[in-house]
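Chain and residue survey
Letter by letter, the chains look like this.
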Amino acid sequence: MSSFCNIVVKDKRTTFILGVFWNALLAVGRQGLNFLATIILARLLQPEDYGLIGMMAVIISVSESLIDAGLAGALIKKKNVSKEDFSTLSLYNISFSFVLYIIIFISAPYIGLFYKTPILSNLLRVYALIVVIESFSIVPKTILIRNLEFKKYSLVTLISGFMGLATAIVMAVYGMGVYSLIGQYIVSSAILTVLLYCITRYKLNFTFSKKSFNEMFGFGFNTTMANVLKGGSENIFINVVAKIASLTITGFFNQSYKLQSVITSISNTVIDGALFPLLSKEDDNSIINHSMKISSFSFTLMSAFVFLLIINADIIVYLVLGEKWMDTTPYLKILLCWGLIQMGTSLNRNLLKSLAYTSSILRFEIVSTLICFVMLLLVLFGLGINYLLFALLMYSLIRFVFSLMEMKWKCDISFWGSLKVYVQAFLPAFLSCIVCLMMSEFDIANHMIFMNLVFIILAIILNRYLNTTTYLYLKDYSLKYLRKSSYAK
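Residues numbered from 1 in each chain as written. Predicted model: local features only at pLDDT ≥ 70, side-chain atom pairs only at ≥ 80, totals over all residues. Heavy atoms only, no water.

1. With respect to the overall build of the chain
Under the convention used in this document: Strands here mean DSSP runs of E at least two residues long; helices mean DSSP runs of H or I at least four residues long; both are numbered from the N terminus. We call two residues in contact whenever any of their non-hydrogen atoms come within 4.5 Å of each other. Residue burial considers only the protein chains on display, and all accessible areas are found by Shrake-Rupley using a 1.4 Å probe.
The secondary structure content of the chain amounts to 18 helices and zero strands. By sequence separation, contacts in the chain at least 24 residues apart represent 84% of the contacts at least 6 residues apart. Of the roughly 22600 Å² of accessible surface on the chain, a fraction of 68% belongs to carbon and sulfur atoms.

As structure tokens, then:
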């Protein structure tokens, strides 16, 4: 068995901290690049360009989920992995990506006709190349994550992201419009793939094992279908906007989605990139205990950060995107709330996935998606974009509630107890935000610095009053630090 199949963890605590650190650094760095791209490209491109990308997002998202098929997650979870397992995964990924690309290539003109946007046909055929390119990177990426080599993966991802951004800026300066965004994604994926092969020294081997595939598919099928439903449901909202509204409004909506995804992508990278491979090595009781503590702590911090962004949404849009994008602000505020709820669901999904309860994940995604499509049908019957935003929030709440119910059924975790944990983590920031927005509405105070200070002070006081996990943890850490300092003296 080759070296990349073995995992050696000398210190679990150190490994966990380093894993979270490097995944957080990766997420922050990658989203920092995206944020920088948004600032620069928003001034070089038009809202219509982002609207066109948004129309294609659901197709690319579903295709990427189908290519992986959850088999990579199965290898991360599996204790003993052979070369045959990796070669089987490679063969499936690459061959299926070519099949999907051919399907997309043939159907592209019909998709353009559906949206009454003929240019979409050629754009989709070029954009879909990313599906084939990424299929080559799945195995070497799995090798690094399985071996907990988060540092290497973070560095190559940031390098490729920077090169993709540079490409997009050059193309935008030369007036290539929406192709600048497509070029960014394709170049970034291609460079990442090459760097992953250089670091892991993995050599493609197309040996296929039916036994290995069946073992991986048993774990991966449920998560794949769940990811397809999740990705499809999330991106379908942009497509519905494109159907009921103008291309400009679609661009505003898609741009607000990109801005809020900076936050959700960071949290999801840490959850899936670090927590899952680390927790999956623990026993069931340890997984549950650690996961609930992490959920409470992280949701408190993210709630504070998200509601702070909501208070400052107008100035953020103005500074980041420019005056022509100010109509993005209302969508951004709602999507930030949506993203926060989605993060809570991701934490619950991670717990179920770490315990290998993938059928539970699929079950609540099916129910949530069915309800989502019923809501969207009502939107298409003339209820408009305001109802669509309401449907978006309801979809995220339904997913969250059903994820808690699955935790109750499969892990015997109290539904009301786990809900209380999230509410207790959510309330301080939410109530502080409401107070600040009311002050702004009645002109009690309209200075941005003052509003932010009020929010921070209120959030700290409420966290202390409610004795949230975050406050207790920071209090305990501070006391330990003071004791060490006194001993040192």
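2. Some details on unusual backbone geometry
Keep in mind that most residues, glycine aside, have a negative phi and that most peptide bonds are trans. Even without glycine at this site, Arg201 takes up a positive phi of about 55°. Topologically, Arg201 is positioned in the loop between helix 9 (178–200) and helix 10 (210–244).

3. Overview of the packing of aromatic side chains
Note the following rule: We call Phe, Tyr and Trp rings a pair once their centres come within 6.5 Å, taking the six-membered ring for Trp, and we label the pair stacked below 30 degrees between planes, edge-to-face above 60, and tilted otherwise. Remark: exposure states derive from per-residue accessible area (1.4 Å probe, protein chains only) relative to the maximum for the residue type, with buried under 20%, exposed over 50%, and partly exposed in between.
This model, assessed by the stated rule, comprises 13 aromatic pairs. With a centroid separation of 5.1 Å and 85° between ring planes, the pair formed by Phe299 and Tyr422 is classed as edge-to-face. Placement of Phe299 in helix 12 (residues 284–311) and of Tyr422 in helix 16 (residues 415–441) is noted, with a sequence separation of 123 residues between them. Each member of the pair, Phe299 together with Tyr422, is buried. Considering the side-chain rings of Phe307 and Phe430, the 5.8 Å spacing of their centres and the 65° angle between planes classify their relative orientation as edge-to-face.

4. Some points on the side chain of Gln260
Note the cut-off: Here a polar contact is recorded for every N or O atom pair within 3.5 Å, except that within protein the pair must consist of a potential hydrogen donor and a potential acceptor, and residues adjacent in sequence are included only if both atoms are side-chain atoms.
Residue position: Gln260 is located in helix 11 (residues 247–279). Only 3.3 Å separates the side chain of Gln260 from the backbone oxygen of Tyr257, close enough to count as a polar contact. Once you skip the residues sitting within four places of it in the chain, Gln260 turns out to touch Leu332, Leu335, Leu336, Trp338 and Gly339.

5. Re helix 8 (residues 150–173)
Let me state the cut-off plainly: Multiplying 1.5 Å by the helix residue count minus one yields the expected span of that helix.
With 24 residues, helix 8 should cover 34 Å at 1.5 Å per step; its first-to-last C-alpha distance of 35 Å lies within 8% of that length. Among all positions of helix 8, only Phe150, Tyr153, Ser154, Val156, Thr157, Ser160, Gly161, Gly164, Leu165, Ala168, Met171 and Ala172 are buried. Backbone geometry just downstream of helix 8 places Gly175 in the positive-phi region, at approximately 75°.

6. What about the side chain of Ser188?
Counting through the fold element by element, Ser188 comes out in helix 9. When sequence neighbours within four positions are dropped, the list of residues in contact with Ser188 reads Ser160, Gly161 and Gly164.

7. With respect to the nonpolar core
We apply this condition: Think of a nonpolar core as a cluster: buried Ala, Val, Leu, Ile, Met, Phe, Trp, Tyr and Cys residues, connected wherever their side-chain atoms sit within 4.5 Å.
With 95 residues, the main nonpolar core has Leu41, Met56, Phe237, Phe253 and Leu351 as its most contacted residues. Here the element with the most residues in this core is helix 15 (residues 358–411); it accounts for 16 residues. For Met56, the residues in contact, after removing those within four places along its chain, are Leu120, Leu123, Leu124, Tyr127 and Ile182. Counting 11 residues, the second largest nonpolar core, distinct from the first, contains Ala74, Val81, Ile138 and Ile143.

8. Side note on the packing of helix 7 (residues 138–146) against helix 9
Basically, it comes down to this: Lines fitted to C-alpha atoms define the axes here, with helix axes fitted over just the stretch in contact, and angles between the N-to-C directions of these axes take values from 0 to 180 degrees. Should an angle fall under 35 degrees it is taken as roughly parallel, and over 145 as roughly antiparallel, whereas 65 to 115 is taken as roughly perpendicular and any remaining angle as oblique. Each crossing is labelled by how the near helix is turned from the far one, with a counterclockwise turn of less than a right angle marking it left-handed and a clockwise turn marking it right-handed.
Following both chains from N to C, one finds helix 7 and helix 9 inclined at 50°, their axes separated by 9 Å at the closest point. Taken together, the axes of helix 7 and helix 9 are oblique relative to one another. Handedness of the helix 7/helix 9 crossing: left-handed. Packed against helix 7, whose contacting residues are Pro140, Lys141, Ile143 and Leu144, the element helix 9 presents Leu196, Tyr197, Ile199 and Thr200 at the interface.

9. Points about the layout of surface pockets
The cut-off we apply is this: Buriedness for pockets is judged along seven lines, at least five of which must meet protein on both sides within 12 Å for an open set on the 1 Å grid over protein atoms alone, while cavities are sets there where a 1.4 Å probe fits but cannot get out, and lining residues have an atom within 4 Å of a point. Grid points are joined across faces, edges and corners, and a volume is the space filled by probe spheres set on the points. Residue classes follow a fixed rule: Ala, Val, Leu, Ile, Met, Phe, Trp, Tyr, Cys and Pro count as nonpolar, while Asp, Glu, Lys and Arg count as charged, and any other residue, Gly among them, counts as polar.
What the second largest pocket holds in volume is close to 430 Å³. Residue lining of the second largest pocket: 19 residues in total, with Phe307, Ile341, Leu397, Phe426 and Phe430 positioned closest to the centre. Breaking the lining of the second largest pocket down by element, the ones donating at least two residues are helix 12, helix 14 (329–354), helix 15 and helix 16. The greatest single-element share of the lining of the second largest pocket, amounting to eight residues, is contributed by helix 16. Residues of the lining of the second largest pocket, tallied by class, amount to 18 nonpolar, no polar and one charged.

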